[in-house]
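# Coordinate inspection notes
Here's the letter readout for the chains.
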Amino acid sequence: MTSRSLIPSLVVSLSLLAVPAVAQEASSGSGLALGVRGAYGIPVGDALEDTSQSDLFGNTVAPQVDLSYFFNRHLSLGGYFQYGIAKPNGCEEETECKARVLRFGVDLDYHFAPEGFVGPWVGVGVGYEIGSLQVGSSNTLAKVGVRGFDLGHAHFGVDFQFTRSIAVGPYISASVGQYSNASTELFGESQDIDVPSDQKSLHVWIQPGVRLQIRL
């Protein structure tokens, strides 16, 4: 065999050896995934002592985005950001009120049947929560803000795998949080305080929703 014929043969042989390695990497299922969610938040418990979470914020409409990394087809770790728009239950009809709840953190999820059309999954995570309430018009404006940790949350869902890259399905989550900082603003005068231990309370967010996940 001449050197001219040896070089093309060697290139073809090395290419054939590389094909199984590439196929194995693709089949491992590792890679990034983008999630877009729509959730309805139902508050339970007290934001602070003698202050109901529902009176302060009410139910929320909460879109969310998350970015996850799949170590394999079953296990993923990622971060999320949620923006909740609320209407406080404790606000009188003739009073203008606006509220929002921001939540962000990390999730660890496990997918039980990633190869099937119907794939249940579960997850746990922790995060941070920032809530704010604005009462009145610009002339009589009052603001209340609270911040604290999402001490832990769990969620369960079912994916319908329409393609290898696109899955859509319902889910439900429940989180337990506690606010450690509060702020108030009235007529331009603001005050920021650490919530005393005896005034801290636990609150829960229950969120049913739908998630679209795209494997990148």
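Residues numbered from 1 in each chain as written. Predicted model: local features only at pLDDT ≥ 70, side-chain atom pairs only at ≥ 80, totals over all residues. Heavy atoms only, no water.

### Comments concerning the nonpolar core
Spelled out, the test is: Only buried residues count toward a nonpolar core. Its members are Ala, Val, Leu, Ile, Met, Phe, Trp, Tyr and Cys residues joined through side-chain atoms within 4.5 Å. Relative accessibility thresholds used throughout: buried, under 20% of the residue-type maximum; exposed, over 50%; partly exposed, between the two (1.4 Å probe, protein chains only). A run of H or I in DSSP becomes a helix once it reaches four residues, and a run of E becomes a strand once it reaches two; helices and strands are each numbered from the N terminus. Here, two residues are considered to be in contact whenever any of their heavy atoms come within 4.5 Å of each other.
With 13 residues, the main nonpolar core has L48, L56, F57, A99, V146, Y179 and W205 as its most contacted residues. Only β1 (31-48), β5 (97-111) and β8 (166-186) provide two or more residues apiece to this core. Setting aside anything within four residues of it in sequence, one finds V146 in contact with L48, L56, F57, E129, I130, G131, Y179, N181 and A182.

### Remarks on unusual backbone geometry
Unlike most non-glycine residues, D50 shows phi in positive territory, near 65 degrees. Among the structural elements, D50 can be located in the loop between β1 and β2 (51-52). Taking relative accessible area as the criterion, D50 reaches 74% and is therefore assigned exposed.

### Thoughts on the pattern of salt bridges
Any two side chains of opposite charge can pair, given that their charged atoms come close. For clarity, the threshold we go by: Throughout this description, the term salt bridge denotes a Lys or Arg side-chain nitrogen within 4 Å of a carboxyl oxygen of Asp or Glu.
A complete count under the given rule lists 6 salt bridges for this structure. Taking the shortest distance from any N to any O, the salt bridge between E115 and R73 comes out at 3.1 Å. With E115 in the loop between β5 and β6 (118-135) and R73 in the loop between β3 (60-70) and β4 (75-86), this residue pair connects regions lying 42 residues apart in the sequence. The exposure class of R73 is buried, given its relative accessible area of 12%. The salt bridge involving E129 is made with R103; its shortest N-O contact spans 3.8 Å. Note that E129 is positioned in strand β6 and R103 in strand β5, a separation of 26 residues in sequence. Look at E129 and you get buried, because its relative accessible area is 2%.

### Notes on the pairing of β3
To be explicit about the condition: The rule for pairing is simple: two strands pair if DSSP sees at least two bridges between them.
Of the two faces of β3, the one holding T60, A62, Q64, D66, S68 and F70 is buried and the one holding V61, P63, V65, L67 and Y69 is not buried anywhere. Where β1 lies against β3, 11 bridges are found, and the strand directions are antiparallel. Its bridge partner lying in β3, L34 is registered against L67. Here β3 hands over to β4 after 4 residues, the two strands then running antiparallel side by side.

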